Amino acid sequence: MPLRPTLAALVALTCVLPVLGNAQSAPPTDVHDDLGSRLRRFTDRLLTPVDNPERWLVFSGASHHFRQNERDWREVNPGIGFEQETAIEDLYWVAGYFKNSYDRHAVHGGLRWMPWHLGPLSFGGYALVSTGYPSPALVLPGVGIEYKRVGINFVAAPNIAGY
């Protein structure tokens, strides 16, 4: 279901604590490569092990629903997860569990990509596969704030009527 301005946004606050750190940049690619070659290179880099990767322990906490009258949304969302740096700059593997706003257990895995930076802020999004939602595939915008070894992620998701 596409996001529209009329849908309420769910803002999930996720506190994160990095465990290790050491970012690596990927080599530039040739602009004349075909799509298949680019996809193969991307997949190879995504699966390439990183020496001493940056890792984050993630604690889920809360959400806010702008259309609370549509449903009795759960706004306390306890959970725990893990994020690990890939060989692609600003791209992380993510996995975790939390109690979602539908009051269901949600186990998720996928990628977090935050390529745009403005001081301590990072902008990007998540591509996830998750249980506990109408669609198992989720693509959601996100914003992160980091200071030294602590950060907070904000994720926007629509309220889905009838679920």
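The model shown is predicted, which means the values in this text are computed figures rather than measured ones.

Criteria and cut-off values
- Per chain, residues are indexed from 1 in the order of the written sequence.
- Per-residue local features of the predicted model are confined to residues with pLDDT of at least 70, and side-chain atom pairs are confined, for both listing and counting, to 80 or more; whole-chain, interface and lining totals are unaffected and use all residues.
- By convention in this description, side-chain values take in all heavy atoms of the structure and omit both hydrogens and water.
- A pairing counts as a salt bridge when a side-chain nitrogen of Lys or Arg comes within 4 Å of a carboxyl oxygen of Asp or Glu.
- Numbering of helices and strands runs from the N terminus, with a helix taken as a DSSP run of H or I at least four residues long and a strand as a DSSP run of E at least two residues long.
- Note on exposure labels: buried denotes an accessible area under 20% of the residue type's maximum, exposed denotes more than 50%, and partly exposed covers the range between, all computed with a 1.4 Å probe on protein chains only.
- Values of pLDDT, ranging from 0 to 100, describe the predictor's confidence in every residue of the model.
- It only takes one pair of heavy atoms within 4.5 Å for two residues to be counted as in contact.
- Under this definition, polar contacts are N or O atom pairs within 3.5 Å; protein pairs additionally need one hydrogen-donor-capable and one acceptor-capable atom, and for neighbouring residues in sequence, both atoms have to be side-chain atoms.

Under the definition given, this model contains three salt bridges. With a closest N to O distance of 2.8 Å, Arg74 and Asp103 form a salt bridge. Here the residue Arg74 occupies a position in the loop between strand S2 (55–62) and strand S3 (76–85), and Asp103 occupies one in the loop between strand S4 (91–99) and strand S5 (105–118), the gap between them amounting to 29 residues. A salt bridge links Asp103 to Lys99; its shortest N-O distance comes to 4.0 Å. Under the relative-accessibility criterion, Asp103 is labelled partly exposed at 44%. Via salt bridges that share partners, Arg74, Lys99 and Asp103 belong to a single interconnected network.

Take the confidence of the model for the protein chain next. In low-pLDDT regions, the fine details of the predicted coordinates are not to be read closely. Taken as a whole, the protein chain shows an average pLDDT of 77; of its residues, 77% reach a score of 70 or greater. Looking across the protein chain, the model is least confident in strand S1 (residues 9–20), with a mean pLDDT of 29, and most confident in S5, with 95. Taken together, the stretch residues 1–26 has pLDDT below 50 and engages in 97 contacts with residues farther than four places along the chain or on a different chain.

This paragraph deals with the side chain of Ser130. As for its position among the elements, Ser130 is in strand S6 (residues 121–130). Of note is the side chain of Ser130, whose polar atom sits 3.5 Å from the backbone oxygen of Val107. When near neighbours in sequence (up to four residues on either side) are disregarded, Ser130 contacts Ala106, Val107, His108, Ser135, Pro136 and Leu138.

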